[in-house]
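# Coordinates in review
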Amino acid sequence: MSSVRTSAPLHFVEHGTGTPVLALHGWTPDHRLMLGCLEPVFARRDGYRRLYPDLPGMGRSPAPPSVTSAADLLDAVLAFVDDVLGDEPFLLAGESYGGYLARALAGLRPERVLGLALICPVADRLGATERVLPDFQVLRSDPGLLASTEPRLAAEFAEMAVVQTPETLRRFRDEIMVGLDCADTAALERIAPNRWLDPEPSESRNFDRPTVIIAGRQDHVVGYADAFALLEHYPRASYAVLDVAGHNAQFEQPELFDALMLEWLDRVAAER
């Protein structure tokens, strides 16, 4: 584990050697969200250096008073890239709000980003009232699971989970809840009113390298329709909407998720 001094110091975890992969988690959790879903993928592919930073105000990365907006978050990520990777090309993955920042980063550094993976991404400037969202559904459940779980964990899990099984509960606890528990709530409340970029990521030129967009059919947090609308900006994108999957599609449909990510890695490798 290391820390890099940037405009907002970013704590990060690093695994492996080879072509860098920068993974950006969503709003409020920390790097363990991305580590949990990507390490099983890279266990099947050698030659990648995986970098998992905590965004400012999340995990172990502080958000000083000077960090007040999405632009500040993006600046911290750009500084991280410059500090850690220099001029080296890299792959980029982002989940939810991390996907929003990843799209902006790809637009600013298109010559450096070899490929882009967007996991249940937030679309441009779409607050909860503007999004096209399906109704929340629980499609698979384990009788007695929630009743036998610590109440706060059960409540957070039940609010999100389309698939409610011991395994998805374990992954929610180990990959998401741990980040929720250590987030700097005051800092996030300060940043939240200014969490959209100007210009928006879609106002950059189209990104024409291998891309994958993965959405959950039952994702009631960001939906799937708005992610489909992003396709016009990514002419080399595969788009997959997974049934029996909500905002945590990465571990509610792990086999499909892994297959899509491995195919994306193969397309990026073929381009090189």
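Use the structure listed above.
Residues numbered from 1 in each chain as written. Predicted model: local features only at pLDDT ≥ 70, side-chain atom pairs only at ≥ 80, totals over all residues. Heavy atoms only, no water.

### Things to note about the overall build of the protein chain
Note the threshold: Helix and strand assignments follow DSSP, with helices taken as H or I runs no shorter than four residues and strands as E runs no shorter than two, numbered in order from the N terminus. The atom set for the radius of gyration is the C-alpha atoms, and the globule formula is 2.2 Å times the number of residues raised to the power 0.38. Three exposure classes are used, based on accessible area relative to the maximum for each residue type with a 1.4 Å probe and protein chains only: buried under 20%, partly exposed in between, and exposed over 50%. The criterion used for residue contact is that any of the two residues' heavy atoms lie within 4.5 Å. Surface accessibility follows the Shrake-Rupley procedure with a 1.4 Å probe radius. Residue values consider only the protein chains on display as shielding.
Within the protein chain one finds nine helices and 10 strands. What you see for the protein chain is a C-alpha radius of gyration of 17 Å, in line with the 19 Å of a compact globule of 272 residues. Seen through its principal axes, the protein chain has C-alpha atoms that stretch 50 × 40 × 35 Å. A buried classification covers 57% of the 272 residues belonging to the protein chain. The long-range share in the protein chain, meaning contacts at least 24 apart out of those at least 6 apart in sequence, stands at 78%. Accessible surface for the protein chain amounts to roughly 11,100 Å². Of this, 50% is attributable to carbon and sulfur atoms.

### So, the nonpolar core
The line we're drawing: Definition of nonpolar core: a set of buried residues of the types Ala, Val, Leu, Ile, Met, Phe, Trp, Tyr and Cys, connected through side-chain atoms within 4.5 Å.
Counting residues in each nonpolar core, the largest one holds 85 residues, and the members touching the most others are Leu 22, Met 34, Leu 38, Leu 92, Leu 101, Leu 105 and Met 261. Examining the composition of this core, we find that 10 residues originate from one element, helix H2 (residues 70-85), more than from any other.

### Digging into the pairing of strand S5 (residues 90-95)
Short version of the rule: Following DSSP output, two strands are said to pair if at least two bridges run between them. The handedness rule is simple: strands pointing away from the viewer, and a clockwise path from the first strand over the helix to the second, make the crossover right-handed.
Buried residues dominate S5, accounting for six of its six residues. Sheet topology places S5 next to strand S6 (residues 113-119); six bridges connect them, and they run parallel. Residue Gly 94 lies in a different strand from S6, and its bridge partner there is Leu 118. Assessed by its sense of winding, the connection that carries the chain from S5 through helix H3 (residues 97-108) to S6 is right-handed.

### Quick look at the pattern of salt bridges
What counts here: Salt bridges are identified by distance alone: a Lys or Arg side-chain nitrogen within 4 Å of an Asp or Glu carboxyl oxygen.
Within this structure, the stated rule accounts for 12 salt bridges. For Asp 266, the salt bridge goes to Arg 45, with nearest N and O atoms at 3.1 Å. Separated by 221 residues along the polypeptide, Asp 266 in helix H9 (residues 254-271) and Arg 45 in the loop between helix H1 (32-42) and strand S4 (48-53) bring together distant segments of the chain. For Glu 175, the salt bridge goes to Arg 171, with nearest N and O atoms at 2.7 Å. Of this pair, Glu 175 and Arg 171 both sit in helix H5 (residues 166-182), four residues apart, which is roughly one turn of the helix. Residue class for Glu 175 comes out buried when judged on its relative accessible area of 8%. Counted as one network, the salt bridges with shared partners bring together Glu 167, Arg 170, Arg 173 and Asp 174.

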